[in-house]
Amino acid sequence: MELLLGAAITLGILGMVFGIGLAIASDKFAVKVDPRIENINEVLPGANCGACGQPGCSGFAQAVVEGKAPVTGCTVGQAVVAKLVANIMGVKFENRERVVAVVMCHARGVKNKFTYNGIKDCRAANIVGGGFLGCDYGCLGLGTCVDACKFEAMYMGDDGLPVVIRERCTGCGKCAAVCPRKIISVLPETKMVHVRCKSLDKGAVAKKICLDSCIACKQCEKICPYDAIHVQNNLAVIDYNKCTSCGKCVEVCPNHTIIDFAREQSLAMYTVEV
Amino acid sequence: MSFVKSGLKYRTFAGGIHPLDDGKALTRNKREITAPLPKTVYLFMSQHIGAPAKPLVKKGDIVRKGQLIGELQGFISANVHASISGKVVDVTPLPLPTTGVKSPAVIIERTEEDLWVDGANVISDIDSISPGEIRKCIQSAGIVGLGGATFPTHVKLSPPKDKIIDTVVMNGAECEPYLTCDYHLMLDKPQEIILGLKLAMKCIGCKKAHIGIESNKEDVYRLFKNILADESDIKVDLMEVKYPQGAEHQLIKALLDREFKPTQLPLEVGAVVINVGTAFAIYEAVKFRRPLIQRLVTVTGDGVENPQNFMVRLGTPVKQLLEEAKISTNISKVIFGGPMMGIAQSNLDTAVTVKGTGGILVLKGAKQWESHACIRCGRCIDSCPYGLNPSELSITCEAKEFALALENNVMECKECGCCTYVCPAKRPIVHLIKFAKAEIAKQTAQRTVQSQQK
C-alpha cells in the first residue's frame, strides 16, 4: 500500500511539473497563425488544382492573407468562393465573370498521316513525326485534356474530340495547359461565338485537309459590325473584348468553322424533344 | 577495356546489344554508284543541330552547284549550299524528315548545266594551310557530323582554350545494323579520309589520332593498317561488333579507356570524335574547296529489290532513290537512318535526303506490338551502355512523374534504343523517355520565363 502511495505521489508531482512546463512553453513559444488563413482554407474547394498559380489551396489561402494573391484568385470556386474569401478578408468583392474551357477544333474528315502505335498521350504523340494527324494544328484526340481535368467536366465525344461540360467546368485551365497544340482556350462563359479551327495553312490546303477548317475567306471579317473578327495568318481570330456574340459571322461562314454555342444548344434541345 | 573472343582481342564497352542478323550482307558487296541527278532538290535550312540557316536566295534566282543559299546564324549553325544548278522555284516551309515539323526549305529545279560555282572546285595546297584557314574552310563548306548527329564540325573543332585536346578519335565503327555507307567510303577513299583526319588534327593542334573499326570490317582495318604502317601517331584498332560502338562515349571508352558523364562532351577527357564521312568531307572542303552537297546513302532493307549505296546530292527526293533501288509494292515502313535510331517517315512524297541521312531502310512486314507492364527482368539495365535504369525510367515516365524521372537521370539517356530492343514486354521505353525529356524541357522553359517576369 505504501509502495503504491509513493508511486502515485511521485508520478503526480512529475505530472504537475511537466504540465506547468508545457503550459509555459506553449504560451511562450506559440506560433502565431493568422486565423484568416484557416478560415479561407475552409471555404476553398480543396482540389489543390493549382489554377490560381499557388501551391495548392492552403498556399493560396496564405497568399491571400499576405496580400500576394487577389481574393478572386480561385478560378475554380468562382464568384461563390470569391465572395466568401472577400468576407473573411473584409474587403469589397467585385464580381468576376465565370470562365469556361472551349475546344477550338472541330476536325472533320481529317485523314491520318500514319498509323500511330505509341503512348496514348497527345504530348507524346505530337513529338513523333510532328503528330500522326493529317492536320498539323488539329486535335489529336488521345484525351490528355480529359485525363488532366480534375472536375470530370470533359469527356471524349463520339467524333473523337473532347467535349466540355460547361456547367461543370471551373475554368482552371489544366486542359489548356497540357494540350500540346494549344487548342483549348479559357474564355468567359457569356462568349458564345467561336472559331473552331487553329489551322494556319493556306485556305486551299486547309480545305483539302479538313472539312471544317478556316479557309481565310474573310467573309466574317467583312460582315462583323463590331470589327471584332480578323483573319491573321490564314486564320480568323475573334477579339473577345469587342465580340458581342451577335452571330452574324456564323451565318456567313461557308465552312461552318465559326459556330454559335447558344444556337447549337437550343438546336440540341429541340432534337431531343422531337 | 577489351574483350577476348575467338583468340582475338577486341576493344569494347560494357552494355550494348547486337542483333543476330545485322542486315549488312544486303549491301556489303555493292560498291557505291552515283545516283542520277535529281530534277528538283529540296534543301532545308535546318539540316544540323543548332540555329537554322538564313535563306539568301529568293524565288526566281538562278543558282549554281555549290553556291551558298543559306547562311549560318549564330555560333552553333551551319551553311547550306545548292546541290544542283538551276532555278529557285520557291522558298517555303516544308515538313522536316527528321522531326515532321515544318521548316523553311529552298526548292531548286535543275535547268542549268551541272557546273560548280566560281570559287569552288579549285585545288589548293593543304600542306602549308594554317589551322585557322582549315576551320574557315570547314565552316564555309557547311560541314556537319555525318555520322547522324549533324553537329556543326567547325564548332567541334574549336574547343575552348582551357580544354587540352590530345587525341582525335575517328569513328569507323558503323554500328547501326543494315548501313554500309561508311564501310564503302573507307574502302574506296582511305587516303582521302586519312588526309581529312590529319587536317582535323592540324586544326585542333593535336598530334595523336585513334581510328576504331568494328571487327566485321577487317578488310578495311588491314587497308588502313597498311597505309598507316609508318605513322606512329595514328593508331588503328579493331573493336567488337556491338551497338552503339560508334557513339562518342562508347568509342572513347573502347579506344582510349577514358570515361566521362553522359551529359558531358568528349573534350572533357581531351578527345574529339569525328566520323569517317566527316573526315572525307573535310578533305574535299579544304583540298578542293567543295562545299558539302552530296553524301553516301545506303538504300537497303527487304523492301527494295536492289539494295545499293548511292552517292546522292543533298535534298534529293527519296522516291527517286527508292525507284532506283526498285522498291517493292507492299512495304510497311521507311526509316531514315538505321533501324536503332532512325526516324520512320510518314510521307514519301515530302521526304528528301538531308546531311544526316546515312541510310534509307525499307521494310516489308514491320511488326507492331502490344506493349505490356514492366516485368522487372532487368534486361534493359544490362543492355544500357550509359548505366541507367531504363525500367524505372519507363515506369516513372509512364506515370508522368517527370520530377522523379529527372532524379533518375533521364537527361543522361542518349536514346540509343538498346533497352527497347531487348525488352520482352515490348515497352516503348525510348518513346517514353523522349516524351519525358520534351515535357521537362517545356517546364524548364516555362519556369525561366516566369522567373524573368518576376
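What you see is a predicted model, and the numbers here were worked out from it, not measured in a lab.

Conventions and cut-offs
- Residues numbered from 1 in each chain as written.
- Chains lettered and ligands numbered in written order.
- Predicted model: local features only at pLDDT ≥ 70, side-chain atom pairs only at ≥ 80, totals over all residues.
- Heavy atoms only, no water.
- Salt bridge = Lys/Arg side-chain N within 4 Å of Asp/Glu carboxyl O.
- Helix = DSSP H or I, 4+ residues; strand = E, 2+ residues; numbered from the N terminus.
- Buried < 20%, exposed > 50% of the residue type's maximum accessible area, 1.4 Å probe, protein only.
- Contact = heavy atoms within 4.5 Å.
- Buried area = accessible area lost by both parts, 1.4 Å probe.
- Polar contact = N/O pair within 3.5 Å; in protein donor to acceptor, adjacent residues only side chain to side chain.
- Nonpolar A, V, L, I, M, F, W, Y, C, P; charged D, E, K, R; others polar.
- Phe/Tyr/Trp six-rings, centres within 6.5 Å; stacked < 30°, edge-to-face > 60°.
- Lys NZ or Arg CZ within 6 Å of the ring centre and 35° of its normal.
- pLDDT = per-residue confidence, 0-100.
- Pairing = 2+ DSSP bridges.
- Expected span 1.5 Å × (residues − 1).
- Disulfide = S-S within 2.5 Å.
- 1 Å grid on protein atoms, 1.4 Å probe; cavity = no way out; pocket = protein on both sides within 12 Å on 5 of 7 lines; lining within 4 Å.
- Points joined across faces, edges and corners; volume = space filled by probe spheres on them.
- Domains from an automatic or database assignment.
- Core = buried A, V, L, I, M, F, W, Y, C linked by side-chain atoms within 4.5 Å.

K.L.:
I would appreciate a short explanation of the pattern of salt bridges in the present structure.
P.N.:
In a structure, side chains of opposite charge can pair up when their charged atoms sit close to one another. Going through the model one piece at a time under the given rule, you end up with 32 salt bridges over all chains. The closest approach of N and O atoms between B:Asp61 and B:Lys58, which form a salt bridge, is 3.8 Å. B:Lys437 is the partner of B:Glu415 in a salt bridge, and the nearest nitrogen-oxygen pair spans 3.0 Å. One end of the pair, B:Glu415, is in the loop between α12 (402–407) and α13 (418–422); the other, B:Lys437, is in helix α14 (residues 429–453), with 22 residues separating them in the sequence. Given a relative accessible area of 16%, B:Lys437 falls into the buried group. Via salt bridges that share partners, A:Asp121, A:Arg123, B:Lys400, B:Glu439 and B:Lys442 belong to a single interconnected network.

K.L.:
Please clarify how the interface of chain A and chain B should be interpreted in this entry.
P.N.:
Buried accessible area, meaning the area lost when the parts come together, often serves as the stated size of an interface. Listed as interface residues are 16 residues of chain A and, on the opposing side, 16 residues of chain B. When chain A packs against chain B, close to 1300 Å² is buried across both sides, 56% of that on carbon and sulfur atoms. The largest contributions to the chain A side of the interface with chain B come from A:Ile119, A:Arg123 and A:Ile127, which together make up 38% of the buried area. Our count for the chain A to chain B interface comes out at 4 salt bridges. In this structure, A:Asp121 engages B:Lys400 in a salt bridge whose closest nitrogen and oxygen atoms are separated by 3.3 Å. The interface formed by chain A and chain B includes 5 residue pairs in polar contact (both at pLDDT 80 or more). Among the residues making up the side of chain A that touches chain B, the classes are represented as 6 nonpolar, 5 polar and 5 charged.

K.L.:
Even after reading the chapter, I still don't get the environment of A:Gly141, so can you show me in this structure?
P.N.:
Residue and element names in this part refer to chain A. Mapped onto the fold, Gly141 is located in the loop between α5 (122–126) and α6 (144–148). Measuring from C-alpha to C-alpha, the distance between Gly141 and Val85 comes to 38 Å, with 56 residues separating the pair along the chain. When sequence neighbours within four positions are dropped, the list of residues in contact with Gly141 reads Cys122, Met156 and Gly160.

K.L.:
Could you clarify how one ought to interpret the packing of aromatic side chains in this entry?
P.N.:
Two aromatic rings, taken as a pair, are described by how far apart their centres are and by the angle between their planes. According to the stated counting rule, one finds 3 aromatic pairs over all chains in the structure shown. On the basis of an interplanar angle of 15 degrees and a centroid distance of 5.3 Å, the ring pair of A:Tyr116 and A:Phe132 is categorised as stacked. Of this pair, A:Tyr116 sits in the loop between β1 (99–103) and α5 while A:Phe132 sits in the loop between α5 and α6; the two residues are 16 residues apart in sequence, bridging distant segments of the chain. For A:Tyr116, a relative accessible area of 14% corresponds to the buried category. Where B:Phe402 meets B:Phe435, the ring centres are 5.5 Å apart and the plane angle is 85 degrees; that geometry is what we call edge-to-face. Residue B:Phe402 is found in helix α12, and its partner B:Phe435 is found in helix α14; the two are separated by 33 residues along the sequence. An identical accessibility class is assigned to B:Phe402 and B:Phe435; each is buried. Taking the ring centre of B:Phe288 as reference, the NZ or CZ of B:Arg290 above it sits at 4.3 Å. Between the NZ or CZ atom of B:Lys426 and the centre of the ring of B:Trp369, over which it lies, the distance is 4.7 Å.

K.L.:
I'm lost on the confidence of the model for chain A in this one. Help?
P.N.:
Caution applies to low-pLDDT parts of the model: their predicted coordinates are not meant to be read in detail. In this model, chain A carries a mean pLDDT of 87, and residues with pLDDT of at least 70 account for 96%. Contacts for the low-pLDDT stretch residues 270–274 of chain A, under 50 throughout, to residues beyond four places or in other chains number 0 contacts.

K.L.:
Whenever I open this one, the sheet that holds strand β7 (residues 68–71) of chain B confuses me. Can you help?
P.N.:
By definition, the strands of a sheet pair up through backbone hydrogen bonds, in either a parallel or an antiparallel sense. Residues and elements named next belong to chain B. Taking strand neighbours across the sheet as the criterion, the 3 strands line up as β5-β7-β8 in an open arrangement whose pairing is antiparallel. Every interior strand has two partners, whereas the edge strands, β5 (54–55) and β8 (80–81), have only one. Alignment of β7 against β8, held across 2 bridges, turns out to be antiparallel. Within β8, the residue paired with Gly70 across the bridge is Val80.

K.L.:
Explanation requested: helix α5 (residues 190–204) of chain B in the structure shown.
P.N.:
One full turn of an α-helix is made of 3.6 residues, so residues set three or four places apart face in the same direction. Here α5(B) contains 15 residues, and its C-alpha end-to-end distance of 21 Å stays within 8% of the 21 Å for a straight helix at 1.5 Å per residue. Positioned one or two residues after α5(B), B:Gly205 has a phi angle of 85 degrees, which is positive.

K.L.:
Would you mind showing me how to read the pairing of β7(B) here?
P.N.:
Relative to β7(B), β5(B) is paired through 2 bridges, and the arrangement is antiparallel. Across the sheet, the residue bridging to B:Pro55 is B:Gly70, located in β7(B).

K.L.:
What should I look at first to understand the state of the cysteines in this one?
P.N.:
A covalent bond between the sulfur atoms of two cysteines is referred to as a disulfide. All names here are of chain A. Enumeration over the complete set of coordinates arrives at 0 disulfides over all chains. No disulfide involves Cys74; its nearest neighbouring cysteine sulfur is the one of Cys57, lying 6.3 Å away. The closest cysteine sulfur to the non-disulfide-bonded Cys253 is located on Cys217, 6.2 Å from its own sulfur.

K.L.:
How do you make sense of the layout of surface pockets when you look at a structure like this?
P.N.:
Over the atoms a probe the size of a water molecule is rolled, and this reveals where empty space is left. Size it by volume and the second largest pocket reaches roughly 1200 Å³. The wall of the second largest pocket is formed by 31 residues, among which A:Lys174, A:Ala177, B:Gln443, B:Gln446 and B:Gln450 lie closest to the centre. Among the elements of the structure, α6 and α7 (174–178) of chain A together with α12 and α14 of chain B are those that each provide at least two residues to the lining of the second largest pocket. It is α14(B) that contributes the most residues to the lining of the second largest pocket, 8 residues altogether. Residue composition of the lining of the second largest pocket, by class: 10 nonpolar, 10 polar and 11 charged.

K.L.:
Could you clarify how one ought to interpret the pairing of strand β4 (residues 40–44) of chain B in this entry?
P.N.:
Along any regular strand the residues' side chains alternate between the sheet's two faces. All names here are of chain B. Taking burial as the measure, the 5 residues of β4 include 4 buried ones, the bulk of the element. Inspection of the sheet shows β4 paired to strand β10 (residues 102–110) by 5 bridges, in the antiparallel sense. By the bridge assignment for β10, Tyr42 is matched with Ile107.

K.L.:
Explain the domain arrangement of chain B to me, please; I cannot follow it from the model alone.
P.N.:
Residues and elements named next belong to chain B. Segmenting chain B into domains produces domain 1 (2–30 + 121–288), domain 2 (33–120 + 291–363) and domain 3 (379–453). Each of domain 1 and domain 3 was reduced to a C-alpha centroid, and the two centroids are 29 Å apart. Taken together, the 13 residues of domain 1 in the interface contact 12 residues of domain 3. Across the domain 1/domain 3 interface, buried area totals approximately 970 Å², and carbon plus sulfur atoms make up 65% of it. On the domain 1 side of the contact with domain 3, Ile17, Tyr243 and Pro262 bury the most area, a combined 46% of that side's loss. Where domain 1 touches domain 3, the interface holds 0 salt bridges. Across the contact surface, domain 1 and domain 3 share 5 residue pairs in polar contact (both at pLDDT 80 or more). Among the residues making up the side of domain 1 that touches domain 3, the classes are represented as 8 nonpolar, 5 polar and no charged.

K.L.:
Is there a simple way to explain the nonpolar core in this structure?
P.N.:
Side chains of a nonpolar character, in soluble globular proteins, are inclined to be buried together. Counting residues in each nonpolar core, the largest one holds 67 residues, and the members touching the most others are B:Ile69, B:Ile108 and B:Phe224. Looking at this core, you find at least three residues from each of domain 1 (2–30 + 121–288) and domain 2 (33–120 + 291–363) of chain B. Not counting residues up to four positions away in its chain, the partners in contact with B:Phe224 are B:Met170, B:Met186, B:Pro190, B:Ile193, B:Ile194, B:Ile211, B:Ile213 and B:Val236. Grouped together as the second largest cluster of nonpolar side chains are 41 residues, A:Val100, A:Met104, A:Cys169 and A:Phe261 included.

K.L.:
What should I look at first to understand the sheet that holds β4(B) in this one?
P.N.:
Residues and elements named next belong to chain B. Here 4 strands make up an open sheet; going across it, the order is β4-β10-β9-β6 and the pairing antiparallel. Every other strand in the sheet has two partners, leaving β4 and β6 (62–63) as the edge strands with one partner each. Bridging between β6 and strand β9 (residues 86–95) involves 2 bridges; their strand directions are antiparallel. Each residue of the ladder has a partner; that of Val63, found in β9, is Gly86.

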